[in-house]
Amino acid sequence: GDPKFRGKLSTDGQKIEGTFSQGGANFPCDLECKADPVAAAKEALAGFDVVVTDAMKKFEVPGMAIAVVKNKEVIYTKGFGLRDVEKQLPVTADTIFAIGSSSKAFTTFVLGTLVDEGKIEWDKPVRNYIPWFKLYDPSMTERLSVRDLVTHRSGLPRHDLVWYNNFDASRESLVRKLAYLEPSADLREKWQYNNLMFLTAGYLTEVITGKSWEDAVRDRVLNPLGMKRTNFSVNDSQKDSDFAQPYGKRGDKIEKLPFRPITNIGPAGSINSSVNEMARWVTAHLNGGKYGDKKIAEAATVDDMHRPYMTTGASSEFPEIVGGEYALGWFVDTYRGHRRVQHGGNIDGFSANVVIFPKDGVGMVVLTNLNGTPLRDLITQVAADRLFKLSQVDWITQAAGRLAMLEQAGKEGEKKKEVTRVPGTQPSHKLEDYVGDYEHPGYGVLKVALRDGKLEATFNNIATPLEHWHYDTFNGGRAKDPVFNNMKYSFQTDVNGYVAKASAQFEASVKEIVFAKKPDARLFDPAYL
């Protein structure tokens, strides 16, 4: 008489397979298991703290903060280690770190809102909005679109030394310098990471909105999301009560690094934030541009930001990771069958990663205060394995072993760096003859001076001692700021025997950058004349 149900849990744990019986009749009947996904995600991260702490020791990371979002809820947020080693100050979930190139997605998001408003179109040429815009190649100038700016397919390699540590150039002046920077491929032919194109994208928002890029990001992203402490300069970070100091590994030691302001290239990487505030940013991406009852972008536009538009040509050595493409300010691949949208950031003492699994409703933010650490990526994969109930891969131990091998290879390479040096040569001129200002229309001025009987090169406020290498080539020696350590500077003479040019491989993908020697500045001084 009474109805009965007999069944057992399916092998995937998603339903109960059984039979419903009543009045002598049997009917197959499956019951779906609907566990709370947020609760299940929280449970999956039980014991995760221990994994993080152990991994930080293996990779010598001073401080780290992590946030994990499931659907609309922050399910994990915590700080580990020290934000200031000297003062023994702990990292919290509110500690401010530089997020580096994870900032790029904020720039594309602002552009996306302008697309929503009909003020720009992704596939229209940039010259439609900035009439004076010019590239080295005239045909590329006419064809380069807004979408090209933010997918690294402009044809230009990095040319990062144009802007790096350049505190004097305005954003407009940096955009104008593009006309003098040699491309290494045609438009859309090859994926080449380029910060200057993202700078141009940020400058475009300034042209369209009439506001600074910073104000556009505040108005359209930070204020609606309540990201009140997020800022655009490491100078502002240091005014906060809870900020991380930057560290880097030099030799076998972890050393504190100086903060380096990069506000001129801000749209490509100057944002600083905490995991608590970045979790709000991730939540908006997981929910079609909505955060709570606030809609800050159209769902279709957010989806478009996550859609790949250019293959990077990269391939993973791990079978768990498939594909390598670039969307609008995001890298896209597949991690163990799960579509992954992410972007890391590395800038002077900080490494960050923001990861979104759109189909799974999962997002993560990892912020660290160690230059270039791979742990920012690895720890998200450890968390993903837990959240998706995948077999555990020991990403940490494997990577620690590889890193040790790479560091040893680097030491061996340092020993062999003089293989190309020609012994027994002398400069063709007195050292005084090399002194002067050398200029390139895109890169600016390279200053060569004589200090205590030795040459010194200064570029973008970075001074580097020059040691004679061979013939008229000098080598960048050890300096407080090591950017130009081992950089080779070659000097050339004109037909009259005067030192007239200096060249250096400031961009590896194109020919050496040639700086022409300027006349002595005194020749422009009426009093001296």
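Scroll up a little and you will see the structure.
Throughout this description, residue numbers start from 1 for each chain and increase along the sequence as written. Selection of residues for local features in this predicted model requires a pLDDT of at least 70, selection of side-chain atom pairs for listing and counting requires 80 or more, and totals for whole chains, interfaces and linings are taken over all residues. Note: side-chain values were computed over all heavy atoms of the structure, leaving out hydrogens and water.

1. Comments concerning the overall build of the protein
Secondary structure follows DSSP: runs of H or I at least 4 residues long count as helices, runs of E at least 2 residues long count as strands, and numbering of each begins at the N terminus. Each helix and strand counted, the protein has 14 helices and 26 strands in total. The C-alpha extent of the protein, read off along each of the three principal axes, is 115 × 50 × 45 Å. Buried positions account for 50% of the 529 residues belonging to the protein. We call two residues contacting when some pair of their heavy atoms lies within 4.5 Å. Relative to all contacts within the protein whose residues are 6 or more apart in sequence, the contacts with residues 24 or more apart total 59%. Accessible areas in this description were obtained via Shrake-Rupley with a 1.4 Å probe; residue shielding takes into account the shown protein chains only. Surface accessibility of the protein: about 24600 Å² in total, with carbon and sulfur atoms responsible for 51%. Positive and negative side-chain charges of the protein, numbering 68 and 68 respectively, have mean locations separated by a distance of 2 Å. Accessibility here uses a 1.4 Å probe with only protein chains present; expressed as a share of the type maximum, an area under 20% marks a residue as buried, one over 50% as exposed, and anything in between as partly exposed. The sign given to each residue is positive for Lys and Arg and negative for Asp and Glu; His and the chain ends receive no count. Every charge is mapped onto a representative atom, which is NZ of Lys, CZ of Arg, CG of Asp or CD of Glu.

2. Some remarks on the packing of aromatic side chains
Within 6.5 Å between ring centres, the rings of Phe, Tyr and Trp (the latter by its six-membered ring) count as paired, and their orientation is classed by plane angle as stacked under 30 degrees, edge-to-face over 60, tilted in between. Taken as a whole, this structure holds 28 aromatic pairs when the rule is applied. Measuring from ring centre to ring centre gives 5.6 Å for Trp163 and Tyr164, while their planes differ by 75°; the resulting arrangement is edge-to-face. The pair formed by Trp163 and Tyr164 is uniform in burial state, with each residue classed as buried. Arranged with centres 6.2 Å apart and planes meeting at 45°, the rings of Tyr335 and Trp395 form a pair that is tilted. Of this pair, Tyr335 sits in strand 15 (residues 331-335) while Trp395 sits in helix 14 (residues 395-415), and the two are 60 residues apart along the sequence. Like Trp395, Tyr335 is buried. One aromatic cluster in this structure is built from Tyr443, Phe459, Phe484, Tyr489, Phe506 and Phe515. The positively charged end of Arg147 is found above the aromatic ring belonging to Tyr309, 4.2 Å away from the centroid. Here, a charge over a ring is recorded when the distance from Lys NZ or Arg CZ to the ring centre is within 6 Å and its angle to the ring normal is within 35 degrees. Taking NZ or CZ as reference, Arg176 lies 3.7 Å from the ring centre of Trp132, over its face.

3. Quick word on the sheet that holds strand 2 (residues 15-22)
Across a sheet, strands are paired by hydrogen bonds formed along the backbone, either parallel or antiparallel in direction. DSSP calls a pair of strands paired once it identifies at least 2 bridges connecting them. Taken together, three strands build an open sheet; the order of strands is 1-2-3 and the sheet is antiparallel. If you trace the sheet from one side to the other, it starts and ends with strand 1 (4-9) and strand 3 (25-32), each paired once. If you compare each strand with its neighbour and ignore which way they point, the axes differ by 25° on average. Axis lines are fitted to C-alpha atoms, over the contacting stretch for helices. Their N-to-C directions set the angle, which ranges from 0 to 180 degrees.

4. Considering helix 7 (residues 195-209)
Along an α-helix, residues three or four apart share an orientation, since each turn contains 3.6 residues. Its 15 residues place the ends of helix 7 21 Å apart at the C-alpha level, agreeing with the 21 Å of an ideal helix rising 1.5 Å per residue. The buried fraction of helix 7 amounts to twelve of the 15 residues, a majority that puts the element mostly inside the structure. Among the residues making up helix 7, those that are buried are Asn195, Leu196, Met197, Phe198, Leu199, Thr200, Ala201, Gly202, Tyr203, Leu204, Thr205 and Glu206. On its buried face, helix 7 is in contact with helix 3 (104-116), helix 5 (146-149), helix 6 (171-177), helix 8 (213-225), helix 10 (266-269) and strand 14 (321-326). Definition of a polar contact: a pair of N or O atoms within 3.5 Å, with one able to donate and the other able to accept a hydrogen when the atoms are protein atoms, and with sequence-neighbouring residues admitted only if both atoms are side-chain atoms. A side-chain oxygen of the first residue of helix 7 lies 2.9 Å from the backbone nitrogen of Leu196; this N-cap is Asn194. Gly210, located one to two residues past helix 7, shows a positive phi value of around 75°. A helix's residues, less one, multiplied by 1.5 Å, set its expected span.

5. A short note on the pattern of salt bridges
We define a salt bridge as a side-chain nitrogen of Lys or Arg found within 4 Å of a carboxyl oxygen belonging to Asp or Glu. Evaluation of the coordinates by the stated rule reveals 36 salt bridges. Residue Asp304 is joined to Arg147 by a salt bridge in which the shortest nitrogen-to-oxygen separation is 3.5 Å. Of this pair, Asp304 sits in helix 12 (residues 299-305) while Arg147 sits in helix 5; the two residues are 157 residues apart in sequence, bridging distant segments of the chain. Judged on exposure class, the residue Asp304 and its partner Arg147 are both buried. Asp240 is the salt-bridge partner of Arg229, the closest N and O atoms lying 2.8 Å from each other. Of this pair, Arg229 sits in the loop between helix 8 and helix 9 (234-237) while Asp240 is found in the loop between helix 9 and strand 8 (247-250), placing the two residues eleven residues apart along the sequence. Look at the salt bridges and you will find they share partners, linking Asp123, Arg147, Asp303, Asp304 and Arg307 into a network.

6. Looking at the sheet that holds strand 16 (residues 338-347)
Within the open sheet, the nine strands sit side by side as 6-5-4-18-17-16-15-14-13. Their pairing is antiparallel. Of all strands in the sheet, those bounded by a partner on one side alone are strand 6 (89-90) and strand 13 (310-311). Here five bridges tie strand 15 to strand 16, and the two strands are oriented antiparallel to one another. Bridge pairing links Tyr335 to His338 in strand 16. Along the sheet, helix 2 (residues 48-59) makes contact with strand 4 (63-70) and strand 5 (73-84), crossing strand 5 at roughly 30°.

7. Details of helix 8
Here helix 8 is 13 residues long and its end C-alpha atoms lie 17 Å apart, about the 18 Å a rise of 1.5 Å per residue gives. Working definition for bend: take the seven residues up to and ending at a residue and the seven starting at it, fit an axis to each, and measure the angle between the axes. Roughly 45° is the biggest bend found in helix 8, and it falls at Asp219. Immediately downstream of helix 8, the backbone of Gly226 shows phi near 70°, a positive value.

8. Structural notes on the nonpolar core
Soluble globular proteins tend to pack their nonpolar side chains together in the buried interior. Residues Phe106, Trp281, Tyr489 and Phe506 are the most contacted members of the largest nonpolar core, which totals 110 residues. Here the nonpolar core consists of buried residues drawn from Ala, Val, Leu, Ile, Met, Phe, Trp, Tyr and Cys, with membership extended through side-chain atoms lying within 4.5 Å. One finds Ala41, Val52, Ile379 and Ala384 within the second-largest nonpolar core, a separate group that totals 38 residues.

9. Digging into the packing of helix 3 against helix 7
In the contact formed by helix 3 and helix 7, the axes pass within 10 Å of each other and the chain directions differ by 35°. Where helix 3 crosses over helix 7, the handedness of that crossing is left-handed. Residue-level inspection shows Lys104, Thr107, Thr108, Val110, Leu111 and Leu114 of helix 3 in contact with helix 7, the latter providing Asn195, Phe198, Ala201, Gly202, Leu204, Thr205, Ile208 and Thr209. Just so you know the grouping, Ala, Val, Leu, Ile, Met, Phe, Trp, Tyr, Cys and Pro go in nonpolar, Asp, Glu, Lys and Arg go in charged, and all remaining residues, Gly too, go in polar. In the contact of helix 3 with helix 7, the residues fall into seven nonpolar, six polar and one charged. Handedness of a crossing follows from how the near helix is turned relative to the far one, being left-handed for an anticlockwise turn of less than a right angle and right-handed for a clockwise one.

10. Let's talk about a nonpolar patch on the surface
Exposure above 30% relative accessible area and the lack of any salt bridge qualify a residue for a patch; like charges then connect within 9 Å, and the nonpolar side chains Val, Leu, Ile, Met, Phe, Trp and Tyr within 5 Å. On the surface, a nonpolar cluster with roughly 330 Å² of combined accessible area is contributed by Phe5, Phe20, Phe27 and Leu31. The topology assignment puts Leu31 in strand 3. Judged by its relative accessible area of 39%, Leu31 is partly exposed.

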